[in-house]
Structure formats: C-alpha cells, structure tokens
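What follows is each chain in one-letter form.
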Amino acid sequence: VQLQASGGGLVQAGGSLRLSCAAAGGTFSSYAMGWFRQAPGKEREFVAAINSGGESTFYTDSVEGRFTISRDNEKNTVYLQMNSLKPEDTAVYYCAADYGGSRHYRRPNEYDYWGQGTQVTVSS
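Residues numbered from 1 in each chain as written. Predicted model: local features only at pLDDT ≥ 70, side-chain atom pairs only at ≥ 80, totals over all residues. Heavy atoms only, no water.

J.: Is there a simple way to think about the pattern of salt bridges in this case?
T.: Pairs can form between side chains of opposite charge whenever their charged atoms are close. Inspection of every chain in the model, using the stated rule, returns three salt bridges. Arg37 is the salt-bridge partner of Asp89, the closest N and O atoms lying 2.9 Å from each other. With a gap of 52 residues between them, Asp89 in the loop between strand S8 (77-82) and strand S9 (91-99) and Arg37 in strand S4 (residues 31-38) connect regions that are remote in the sequence. Of the residues examined, Asp89 reaches a relative accessible area of 1% and is grouped as buried. One network of salt bridges, in which partners are shared, links Arg37, Glu45, Arg66 and Asp89. (Salt bridge = Lys/Arg side-chain N within 4 Å of Asp/Glu carboxyl O. Helix = DSSP H or I, 4+ residues; strand = E, 2+ residues; numbered from the N terminus. Buried < 20%, exposed > 50% of the residue type's maximum accessible area, 1.4 Å probe, protein only.)

Structural data, given as structure tokens:
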C-alpha cells in the first residue's frame, strides 16, 4: 500500500487546515488508519485513528474537540480536519495504515505502511 499525504502548510494560530492521505495498491477498507506527528527533536506521537469502516474514531487528548478524522472508502482517502490550530501543533504529520486494525492504535509500530509526511506550521 502506498500512502500520499497532502494538505499541509503555514497557517496562523486559530486557523484551519485539512490534511488528506490517498491510498493506492491495496484494499483500503481493510485498513484502520492513523495520523501521527513529529515535531523537531521529539518522538513521533499519535494524533488520531479511525477504524476500517469509519464508525470509530480516537484522538489524543490535546486535539480532542479541535481535530476530526474521517475516511471515504470509495475514494481510498483518509482526512484530518484541523481547527483552532495552535503553535504547538506544528509538526510533520504522517498518515499510516494498519491491516485489520488493533486496539493498540496509539503505537506507531502497530502500523504496516506510512506516508511521506506533510509539514504543518502554525504561527503565533
């Protein structure tokens, strides 16, 4: 499975961005999907996840209520709508695919495939 993330950019605090991650080469609806981020000098951290059918979503506490993960299995795409952005959201954002899904969706090593990352920069 190849994952292509897009939609990053520079935005002022309080603004919004929508990230997209297009999948190719596999049965997209068989994969749970996640978004992670990595800021300079920090470890990669979990942001959000969605199960294969789109019925269940999970978020890290710091983005709960501001970010929304969704997917369109007909378009083989997962989205991350980011609202009320803060400077601490600045990072490279990665999408990832986990075949079959797992209750350990917060762990990066549970995921089988990764996208190349897209930079999100939030200015104060």
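J.: Any chance you could explain the side chain of Thr77 here in plain terms?
T.: Position of Thr77 relative to the elements: it lies in strand S8. A polar side-chain atom of Thr77 sits 2.8 Å from the main-chain carbonyl oxygen of Lys75. In contact with Thr77, other than residues within four places in its own chain, are Ser20, Cys21, Ala22, Phe28, Arg71 and Asp72. (Polar contact = N/O pair within 3.5 Å; in protein donor to acceptor, adjacent residues only side chain to side chain. Contact = heavy atoms within 4.5 Å.)

J.: Would you mind going over the state of the cysteines with me for this structure?
T.: In the structure shown here, the tally under the stated rule is one disulfide. Between the sulfur atoms of Cys21 and its disulfide partner Cys95 the distance amounts to 2.1 Å. In this structure the cystine formed by Cys21 and Cys95 twists about its S-S bond by roughly 65°; its chirality is therefore right-handed. A residue pair is termed long-range when its members are at least 10 positions apart, and Cys21 in strand S3 (residues 17-24) and Cys95 in strand S9 qualify at 74 residues. (Disulfide = S-S within 2.5 Å.)

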